Amino acid sequence: MNKFLVAQCPRCGEIQAFYSTYKMKLCNRCGTKFSIDKCKKFGIYENHKLASEIVKKLKYTYKDGQYSYS
Ligand SMILES: [Zn+2]
């Protein structure tokens with residue numbers, strides 16, 4: 001079963017979840033194609049539901065230009 005990666009677009013900062021097998025990703029928000037190797041990654045999760053919850057949590061904790069777990 002495919003796992004999901006939670007990562008951040010290097011251009012606009014949008015956090016998004018997608019298959020961990022991807023090498024490149026098209027940002028959901030700004031449309032920039034970015035390399036998974038070079039972007040900021042928050043973790044790999046078992047399923048999309050779990051990854052989505054992490055995305056929500058990270059967005060909720062966004063503060064002073066930084067995301068953090070709490
Ligand atoms: Zn973006």
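The structure reproduced in this document is the subject of the present report. Along each chain, the written sequence defines residue order, and numbers are assigned to residues from 1. Owing to the predicted nature of the model, reporting of local features is limited to residues with pLDDT of at least 70; listing and counting of side-chain atom pairs is limited to 80 or more, with chain, interface and lining totals taken over all residues. The side-chain numbers reported here are obtained from all heavy atoms of the structure, hydrogens and water having been left aside.

If you trace the three strands from one edge of the open sheet to the other, you get 2-1-5, paired in antiparallel fashion. A single partner strand is all that each edge strand has here, and the edge strands are strand 2 (15–19) and strand 5 (40–45). The mean angle between the axes of side-by-side strands here comes to 25°, regardless of whether they run parallel or antiparallel. We call two strands paired when DSSP finds no fewer than two bridges between them. Labels follow the DSSP assignment, with helices taken as runs of H or I lasting at least four residues and strands as runs of E lasting at least two, numbered in each case from the N terminus. One ladder, built from five bridges, connects strand 1 (residues 4–8) with strand 5; its direction is antiparallel. By the bridge assignment for strand 5, Val6 is matched with Gly43. Geometry is summarised by axes, namely lines fitted to C-alpha atoms with helices restricted to the contacting stretch, and by angles between N-to-C directions that run from 0 to 180 degrees.

Quick look at the pattern of salt bridges now. Salt-bridge detection follows one rule: a side-chain nitrogen of Lys or Arg within 4 Å of a carboxyl oxygen of Asp or Glu. Under the criterion given, the structure shown has four salt bridges. With a closest N to O distance of 3.3 Å, Glu46 and Lys3 form a salt bridge. In this pair, Glu46 sits in the loop between strand 5 and helix 1 (48–60) while Lys3 sits in the segment before strand 1, placing the two residues 43 residues apart along the sequence. The partly exposed category is assigned to Glu46, whose relative accessible area is 46%. With a 1.4 Å probe rolled over the protein chains alone, any residue whose accessible area is under 20% of its type maximum counts as buried; one over 50% counts as exposed, and the rest are partly exposed.

So far we have only geometry, and geometry alone does not tell us how the molecule works.
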